[in-house]
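So you can see what is in the structure, the chains are spelled out below.
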Amino acid sequence: MTLHPNDFLKSEAVAATGPAVARRRKMRPAAQTGEPVVPQSVRGRFRRLKWAMVALCLGVYYVVPFLRWSRGAGQPDQAILFDLAGLRFYIFGLEFQPQELYYLTALMIAATIALVLTNTLSGRIWCGYFCPQTVWSDLFQLVERRLEGDRNERMRQLHMPMTLARRARKLLKHVIWLAIAFGTGGAFVLYFADAPTLLGDVFTGQASVAAYGAILTLTTTTWLLAGFAREKMCTYMCPWPRLQGAVWDPEALVVTYRDYRGEERMSAKKAAAARAAGRPAGDCVDCMACVHVCPMGIDIRNGPSIACINCGLCVDACDTTMGKLGRERGLIDYESWTNIERGRAGQSRKPVRLLRPKVVALSVALLAIVAGVALSVSARGTLHLGVSHDRNPIAVMLSDGSVRNAYEVRVETLAGAGGDLTLEVAGNAPLHVAVIGGETSDSGRVPISLGSGLSRQFRVTVAGETALEGDLVFTLTQTASGESVSVTNFFKLP
């Protein structure tokens, strides 16, 4: 029977597609019984890979704000800095301004395509290894196990009276959780100001109210989500599981149970007796190890589930059991649903195709967006000029018979572009240009300076004879490099 993509939206999507769930078990996973999910620790290659990803993700998150990048005198030297006060966003050698947020839109689209691409290749692999919720949940669970014991110990204590020692351990656990959560919020705000300076201000009470508010908010949410809503966040609160039916790919390598090999489930002794008598017996001994280590509290043997984050811990648990029994690993493994159905039909396994039409199309789309953004960023200039005409009054008749129009001129430069500029206005007839509070000129050219800033707004008036009516061309030129940018506006009569 072929699995329909919409079936993936069911918690037990293949309840009637194979012998894996042909009969209900007395032992049910915590996700079905309402009991708290208490995952057991496990060793194996995927657990080691997850710890490596935890270290990598946390290292990047905490170290990046302290990386330096020289941008010249008077400019911030933090490699990645989102300067909300200065309305500048720095990413290593790149600088972005608020009006360039279309780059962010393009990158968000690229990130969405990348997420769908990874899902096409290996399901919710992002959720299992890189998602912040997973990373911090793993860290919190490590603290929990060190202080309160592994699954068996904590399950035994669930219904036991609370002792003073247990209260002390729980209190210490929450203190450490809050310290980790505080570090999460503290590191986040470091991306929005000079990290070493802000770090010192935070601990000396000199940081802004906004900084403390952001730290408090992120500390609270991290503590609650990673400490109390782990599997609930990934199953019910995150929208990504609900989209699995739309992006489900039968050739994706996802954590799957080979039920055609594992059923019927029975103990090793009963399986040996059944095989000796010529009766069918599966490799699964129903030890529940795969269920006990699952951070989502599901039974992967029941088929695909929206709660599965594809972390592979059940693979490690099952491989450990198979190794102890001397049986082949891979009863639970990263496998495509196409091969699962082939195995059920008694057919040989086919190598998973990485270069298939869906993967190629998504890869091309992703590369096209990234290349477009890269080309656009590399081709943009360092100067930005904006000109808006006064609306009331739109024009003024002067006593000498000439006409004057007024404009708001906004000038912006990228970091290190220099503040000495020239503004030139050209039209259909001779004109007089005046910068309010600055220079005036009958030639249409006036020098302007941005001072110590990267942007400034000027009020400029243009006066001339009635023949000047029509288009005006405002040209901004950088004195040092000669780079220029032009904007067209209009000159009106009263």
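Residues numbered from 1 in each chain as written. Predicted model: local features only at pLDDT ≥ 70, side-chain atom pairs only at ≥ 80, totals over all residues. Heavy atoms only, no water.

## Considering the packing of aromatic side chains
Here is step 1 of the chain: Under the criterion given, the structure shown has 16 aromatic pairs.
Here is step 2 of the chain: Arranged with centres 5.5 Å apart and planes meeting at 65 degrees, the rings of Phe 96 and Tyr 103 form a pair that is edge-to-face. You'll find Phe 96 and Tyr 103 in the same group, each marked buried.
Here is step 3 of the chain: Taking 5.1 Å as the distance between ring centres and 65 degrees as the angle between the ring planes, the aromatic pair formed by Tyr 407 and Phe 474 counts as edge-to-face. On the criterion of sequence distance, the pair formed by Tyr 407 in strand β8 (residues 403-413) and Phe 474 in strand β14 (residues 470-478) is long-range, its members being 67 residues apart.
Here is step 4 of the chain: You can call Phe 474 buried: its relative accessible area is 0%.
Here is step 5 of the chain: Within the aromatic cluster, the residues linked to one another by ring pairs are Tyr 61, Tyr 62, Trp 136 and Tyr 191.
Here is step 6 of the chain: The cationic tip of Arg 380 hangs over the ring face of Phe 96; the distance from NZ or CZ to the ring centre is 4.8 Å.
Here is step 7 of the chain: Geometry around Phe 490 places Lys 492 over its ring, the cationic atom sitting 5.8 Å from the centre. (Phe/Tyr/Trp six-rings, centres within 6.5 Å; stacked < 30°, edge-to-face > 60°. Buried < 20%, exposed > 50% of the residue type's maximum accessible area, 1.4 Å probe, protein only. Helix = DSSP H or I, 4+ residues; strand = E, 2+ residues; numbered from the N terminus. Lys NZ or Arg CZ within 6 Å of the ring centre and 35° of its normal.)

## Some points on the nonpolar core
Here is step 1 of the chain: Counting residues in hydrophobic clusters, the biggest one holds 40 residues, and the most contacted among them are Val 255, Met 296, Cys 314 and Ile 332.
Here is step 2 of the chain: Of all the elements in the fold, those that place two or more residues in this core are α2 (45-63), α3 (102-122), α4 (125-129), β4 (254-257), α14 (289-292), α15 (313-325), β5 (332-335) and α17 (357-379).
Here is step 3 of the chain: Core analysis: the second largest hydrophobic core is formed by 27 residues, Val 387, Val 433, Leu 476 and Phe 491 among them. (Core = buried A, V, L, I, M, F, W, Y, C linked by side-chain atoms within 4.5 Å.)

## Observations regarding unusual backbone geometry
Here is step 1 of the chain: A cis amide bond links Glu 263 to the next residue, Glu 264, at an omega of -5 degrees.
Here is step 2 of the chain: Position of Glu 264 among the secondary structure elements: in the loop between α12 (259-262) and α13 (268-276).
Here is step 3 of the chain: With omega at 0 degrees, the peptide bond leading from Asn 392 into Pro 393 counts as cis.
Here is step 4 of the chain: Along the chain, Pro 393 falls in the loop between β6 (383-389) and β7 (396-397).
Here is step 5 of the chain: Even without glycine at this site, Asn 310 takes up a positive phi of about 60 degrees.
Here is step 6 of the chain: By the secondary structure assignment, Asn 310 is in the loop between α14 and α15.
Here is step 7 of the chain: For Asn 310, a relative accessible area of 3% puts it in the buried group.

## Examining the confidence of the model for the chain
Here is step 1 of the chain: On average, residues of the chain carry a pLDDT of 88, and 91% of them reach 70 or more.
Here is step 2 of the chain: Note that residues 1-6 has pLDDT below 50 and, in this model, 12 contacts with residues that lie over four places away or in other chains.
Here is step 3 of the chain: Confidence over residues 8-27 falls short of pLDDT 50; this stretch has 51 contacts with residues more than four positions distant or in other chains. (pLDDT = per-residue confidence, 0-100. Contact = heavy atoms within 4.5 Å.)

## With respect to the sheet that holds strand β15 (residues 484-491)
Two pairing modes exist for strands in a sheet, parallel and antiparallel, and in both the strands are linked by backbone hydrogen bonds.
Here is step 1 of the chain: Pairing is antiparallel in the open sheet, where four strands are placed in the order β12-β9-β14-β15. The open sheet terminates on both sides in strands that have one partner only, identified here as β12 (445-449) and β15. Averaged over all neighbouring strand pairs, the angle between strand axes comes to 25 degrees, with direction disregarded.
Here is step 2 of the chain: Where strand β9 (residues 420-426) meets β14, six bridges bridge the pair, whose relative direction is antiparallel. If you follow Leu 421 over to β14, its bridge partner there is Gln 478. (Pairing = 2+ DSSP bridges. Axes fitted to C-alpha atoms, helices over the stretch in contact; angles between N-to-C directions.)

## Considerations on the environment of Asp 77
Here is step 1 of the chain: Turning to its location among the elements, Asp 77 is positioned in the loop between α2 and β1 (80-83).
Here is step 2 of the chain: Considering only alpha carbons, one finds Asp 77 and Asp 194, 117 residues apart in sequence, at a separation of 8.3 Å.
Here is step 3 of the chain: If we ignore the near neighbours within four places in the chain, the residues touching Asp 77 are Leu 67, Arg 68, Trp 69, Arg 71 and Asp 194.
Here is step 4 of the chain: A distance of 3.0 Å separates a polar atom in the side chain of Asp 77 from a polar atom in the side chain of Arg 68. (Polar contact = N/O pair within 3.5 Å; in protein donor to acceptor, adjacent residues only side chain to side chain.)

## Some details on the sheet that holds strand β2 (residues 88-91)
Here is step 1 of the chain: Sheet architecture is open: three strands sit in the order β1-β2-β3, paired in antiparallel fashion. Strands at the two margins of the open sheet, each flanked by one partner only, are β1 and β3 (94-96). Along the sheet, successive strands turn relative to each other by an average axial angle of 15 degrees, direction set aside.
Here is step 2 of the chain: Bridge count for β2 against β3 is three bridges, and the pairing is antiparallel. The partner of Ile 91 across the bridge, within β3, is Leu 94.

## Some remarks on the pattern of salt bridges
Here is step 1 of the chain: Inspection of every chain in the model, using the stated rule, returns 32 salt bridges.
Here is step 2 of the chain: One salt bridge in this structure joins Glu 144 and Arg 154, with 3.0 Å as the shortest N-O distance. Taken together, the residues Glu 144 in helix α5 (residues 132-148) and Arg 154 in helix α6 (residues 151-157) connect sequence positions 10 residues apart. Across the pair, exposure class does not vary: Glu 144 and Arg 154 are buried alike.
Here is step 3 of the chain: Glu 144 is the salt-bridge partner of Arg 230, the closest N and O atoms lying 3.1 Å from each other. Linking Arg 230 in helix α10 (residues 230-237) with Glu 144 in helix α5, this pair joins segments that are 86 residues apart in sequence.
Here is step 4 of the chain: Residue Arg 230 is classed as buried on the basis of its relative accessible area, which comes to 8%.
Here is step 5 of the chain: Sharing partners across several salt bridges, the network here consists of Glu 144, Glu 148, Arg 154, Lys 170, Lys 173 and Arg 230. (Salt bridge = Lys/Arg side-chain N within 4 Å of Asp/Glu carboxyl O.)

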